[in-house]
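# Examination of the molecular architecture
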Amino acid sequence: GNSVTQMEGPVTLSEEAFLTINCTYTATGYPSLFWYVQYPGEGLQLLLKATKADDKGSNKGFEATYRKETTSFHLEKGSVQVSDSAVYFCALSDRNTSGTYKYIFGTGTRLKVLA
Amino acid sequence: GAVVSQHPSWVICKSGTSVKIECRSLDFQATTMFWYRQFPKQSLMLMATSNEGSKATYEQGVEKDKFLINHASLTLSTLTVTSAHPEDSSFYICSARDPGRTGFGPGTRLTVL
């Protein structure tokens, strides 16, 4: 079945450091890929997405490229800020046999940015 | 936007009691709602999918008689944990979707004593 694997956290960085959170997936079809962010006490928010191979999603300085050849969707940011501290979830969405879109999430990676 | 609220945000109950969690889409009409469960340091596990006015579709291994889902309107779905036990303690998250967007609620932390 479909699955998502992302690097375990927590990840602790200093402000302005470069961030990479690895995410790989297994899927039988052609899923859409997402990164969601969850700030303390809040719900998941869509950070960025890519719907087909070689697409690059970007938002708020974060980027991720849909790499079909390596089945990866790594999240990157060139210079993190304290306000980026949150839990980041990689996810894929694909249709099941009944035609319903379902999300499958990774385990989440907690990022802590120190001033 | 795709704003989704949940109520309550946390609940503590005694073993054997039932607990109801509400999920509302605030600025759109959700044709489909999803309920997830999240254990510490684990990913969100889909429990069930519900379409407005239809019976929920449960994932394998999820007891439909224990986790009752009602999707009475396009803006409201409820999850009732019946006869709760300590092993039901978890973080429950709902998600609401229309053809163009998906929103997630902030979650409800359930603790069963």
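About the cut-offs
- Residues numbered from 1 in each chain as written.
- Chains lettered and ligands numbered in written order.
- Predicted model: local features only at pLDDT ≥ 70, side-chain atom pairs only at ≥ 80, totals over all residues.
- Heavy atoms only, no water.
- Contact = heavy atoms within 4.5 Å.
- Buried area = accessible area lost by both parts, 1.4 Å probe.
- Salt bridge = Lys/Arg side-chain N within 4 Å of Asp/Glu carboxyl O.
- Helix = DSSP H or I, 4+ residues; strand = E, 2+ residues; numbered from the N terminus.
- Buried < 20%, exposed > 50% of the residue type's maximum accessible area, 1.4 Å probe, protein only.
- Polar contact = N/O pair within 3.5 Å; in protein donor to acceptor, adjacent residues only side chain to side chain.

## Some words on the interface of chain B and chain A
- Listed by partner, the interface residues are 17 residues for chain B and 15 residues for chain A.
- Summing both partners gives a buried area of about 1,200 Å² for chain B against chain A, and 60% of it is carried by carbon and sulfur.
- Of all residues in chain B, the largest losses of buried area upon contact with chain A belong to Leu44, Arg97 and Phe104 of chain B, amounting jointly to 36% of the total for that side.
- At the junction of chain B with chain A, the criterion picks out one salt bridge.
- Of the charged contacts, one joins Lys102 of chain A and Glu59 of chain B as a salt bridge, the two residues approaching to 2.8 Å between their closest N and O atoms.

## Considerations on the side chain of Ser50 of chain B
Residue and element names in this part refer to chain B.
- Here Ser50 lies in strand E5 (residues 44-51).
- Its relative accessible area of 1% is what places Ser50 among the buried residues.
- Among the polar contacts listed, one links the side chain of Ser50 to the side chain of His71, at a separation of 3.0 Å.
- If we ignore the near neighbours within four places in the chain, the residues touching Ser50 are Thr31, Thr32, Met33, Ala56, Ile69, His71 and Ser77.

## Examining the environment of Lys49 of chain A
All names here are of chain A.
- Summarising the element assignment, Lys49 is placed in strand E6 (residues 44-50).
- With relative accessibility at 46%, the residue Lys49 sits in the partly exposed group.
- Residues Lys49 and Arg110 lie 61 residues apart in sequence; the distance between their C-alpha atoms is 19 Å.
- Contacts of Lys49, omitting those with residues within four sequence positions, involve Leu33, Phe34, Gly57 and Phe73.

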